[in-house]
Amino acid sequence: MNIKLLDTKTINKIAAGEVVERPASVVKELVENSIDAGAKRIEIEIQNGGKALIRVTDDGAGMNREDATLSVKRHATSKLSVAEDLQNISTLGFRGEALPTIAAVSKFTLQTRQKADELGTKIKIDGGKLQDSHEIGCKVGTTVLVEDLFFNTPARLKFLKSTPTEANKIHDFIVKLAISRPEITFRLINGNRIALSTPGNGILIDTISAIYGTELIDSLLTLKRDDENLKVFGFVSKPNVMKSYRSWQTFIINGRVVENRTISKAVDESYKSLIPKTGFPLAILNLNVPQNSIDVNVHPQKTEIKFEDEGKIFRAVYHAVRAAVEDKNEKFLNEIAEKPEIPHYEQINLIEDVKEMPKPEKKSVQQENPRDDFDFEESLARIEENKKFPPEKLPQPEKISSKPEKIVQQKNLELEPIGQVARCYILAQSENTLYIIDQHAAHERILFDRLSNYAEKIPAQGLLIHRVLKFDSREADLIEKNLQIFADLGFSMEPSGENEFRLTEMPLDAADTDPENLLREIISEILSGISDADDIAKKIRQSALATTACKAAIKAGLELNTRQIEILLNELAKTPHPHTCPHGRPTIIKFSSGDLAKMFKRT
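The numbering scheme is per chain: residues are counted from 1 as the chain's sequence reads. Per-residue local features are limited, in this predicted model, to residues with pLDDT of at least 70; the limit for side-chain atom pairs, both in listing and counting, is 80 or more; totals at the level of whole chains, interfaces and linings are taken over all residues. Side-chain figures throughout are based on the complete set of non-hydrogen atoms in the structure, without hydrogens or water.

1. So, the overall build of the chain
Piece 1. Working definition: helices are DSSP H or I runs of at least four residues, strands are E runs of at least two. Numbering for both runs from the N terminus. Secondary structure summary: the chain contains 21 helices and 26 strands in total.
Piece 2. Note on areas: Shrake-Rupley, 1.4 Å probe, and residue coverage restricted to the protein chains presented here. Total accessible area computed for the chain in this model is approximately 29,000 Å², and 48% of it derives from carbon and sulfur atoms.

2. Side note on the sheet that holds strand β2 (residues 41-47)
Piece 1. An order of β7-β6-β5-β8-β3-β2-β9-β10 is seen for the eight strands of this open sheet, with the pairing classed as mixed. Each having just a single partner strand, β7 (129-136) and β10 (193-197) make up the two edges of the open sheet. Direction aside, the axes of adjacent strands within the sheet are offset by 10° on average.
Piece 2. Here four bridges tie strand β9 (residues 185-190) to β10, and the two strands are oriented antiparallel to one another. Its bridge partner lying in β10, Leu188 is registered against Leu196.
Piece 3. Contacts between residues were defined by any pair of non-hydrogen atoms, one from each residue, lying within 4.5 Å. For helices, the fitted axis covers only the stretch in contact; all axes are lines through C-alpha atoms, and the angles between them, taken along N-to-C directions, range from 0 to 180 degrees. Contacts from helix α2 (residues 23-36) reach β2, β3 (53-58), β8 (141-147) and β9, with the element oriented near 10° to β3. Pairing between strands is defined by DSSP: at least two bridges between them are needed.

3. Regarding the sheet that holds strand β12 (residues 230-237)
Piece 1. Pairing within the open sheet is mixed, and its five strands lie in the order β11-β12-β17-β14-β15. The strands lining the two open edges of the sheet, one partner per strand, are β11 (220-227) and β15 (256-258). Between one strand axis and the next, the sheet turns through 20° on average, direction left out of account.
Piece 2. Bridge analysis of strand β14 (residues 249-253) against strand β17 (residues 283-288) gives five bridges, and the strand direction is parallel. Note that in β17 the partner of Ile253 across the bridge is Leu287.
Piece 3. Taken strand by strand, helix α6 (residues 163-180) contacts β14, β15 and β17, and its axis lies near 50° from that of β14.

4. Considerations on unusual backbone geometry
Piece 1. A positive phi is found at Phe150, a non-glycine position, where the angle reads about 65°.
Piece 2. Its identity as a non-glycine residue notwithstanding, Asn254 has a phi of 50°, on the positive side.
Piece 3. Note that Asn254 resides in the loop between β14 and β15.

The following block contains the structure:
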């Protein structure tokens, strides 16, 4: 391997700064070293989100005693010799900073052996101080054990996030790395549980299936574009398959997983008008470009990359993704006509935006709610039931103004319905005020507050036909650890296989909603919104209640009669926070007689 210390000129050129800021950074550096060593099998084990323990084991080339000793010294690397080599870096690591930096802030153990050596080498370092170094019998390859990360730097330890957050960041990174290297078997063990395992057979589609589940495969579109000095290939999902977070998009440049705004923007623009603004499709994009046309030395962790020609990259990705989506649109539209997987109004928008496709019938545009048998009065009647429990204290959404408080403060205030506009907005009036109410947002608030009133289990309805649902490992782990919480929220599930659960009950108030789509959206929202200070139980409850209320609420496009409008306004006036829906959108806009006079220039 011939590891050597870099000269001063090259060290100054690198100027990397800190490369270890959290457990995921440690995992990244160690696993990338394993890949550079030619490993075909890599196992990562973590405890307490990587804060207590990280162990990375590979079957790579290993090191002899001399190289192992040099590897824990700063700027000692086998991957470049002089500054000029930075122009043609093909390895994932190259700075020679990772091991000594990790060893300086942890209890660090390195064990390694080359195939040609009878014995391996074991080096133990605590907080940057060498404790032991001796020969040992061990397998070919390298094992690095990192314990008590940041034990000697309490300031850094203080700023680490919660255990689930740190574990999720590690999981997300290993997923992307596994996708970038389908020829390598990856195994992630989180707290004695296998969180991820890939086949390592070199077939990308098999790796994707192992990570995201076999159900996703039918929804993938293949893309390929071969321009001069630039190749783009990979997979994207159909416009009806999306999640609320971007982390399931993987961008790979010359074998290196990176984050790049140019590529992200190109993908977004390719799907523009085909998906709701809040969703992100799956995207796995491999780009091959000349090595001297990129700069990988612009970020300490090498996660960002600088292109010589950003515009060229944008155009190549945009046209490759757009071509893949447009080529499949006709087949896709036929599929959703047979089995809708997205709300009807989103299908309409998609159809209208596809070139050379016939426009839908006018009645389809007016009717946003796909449920023809939706019983509005029955839905509102449920609001009157089971109100004996006090509401739980939940985060209060922001108010759009202080004036609408009169709706709640004046208990005897009665709004007189005027009518409905565009089958979406309700017009009402009091003595000197005009109100415009979003019927969907209003009903969503009513249902959310009703569901929140239940102190214990939310009433559920058994499914006549149980739904067996397959999840990726991260989603399955969330469900398995919180089965009782989901059951209390009306979603009764039981394990039925690896990363698989049988859904037997769903909330009564959402009985008219597709149970699988509802549950998947709730889980997606939970995973995308977990923050460091979150109590996971509260996060699950908040997301479940808000999403269930949203999906069960009446939709824009539903015509209401006067009696239905009266019921809706009456129930909205009784809610503690009538001015916004659970997601923060306004439900009411108010115009006083003075406001109207100003608009018409009467004052």
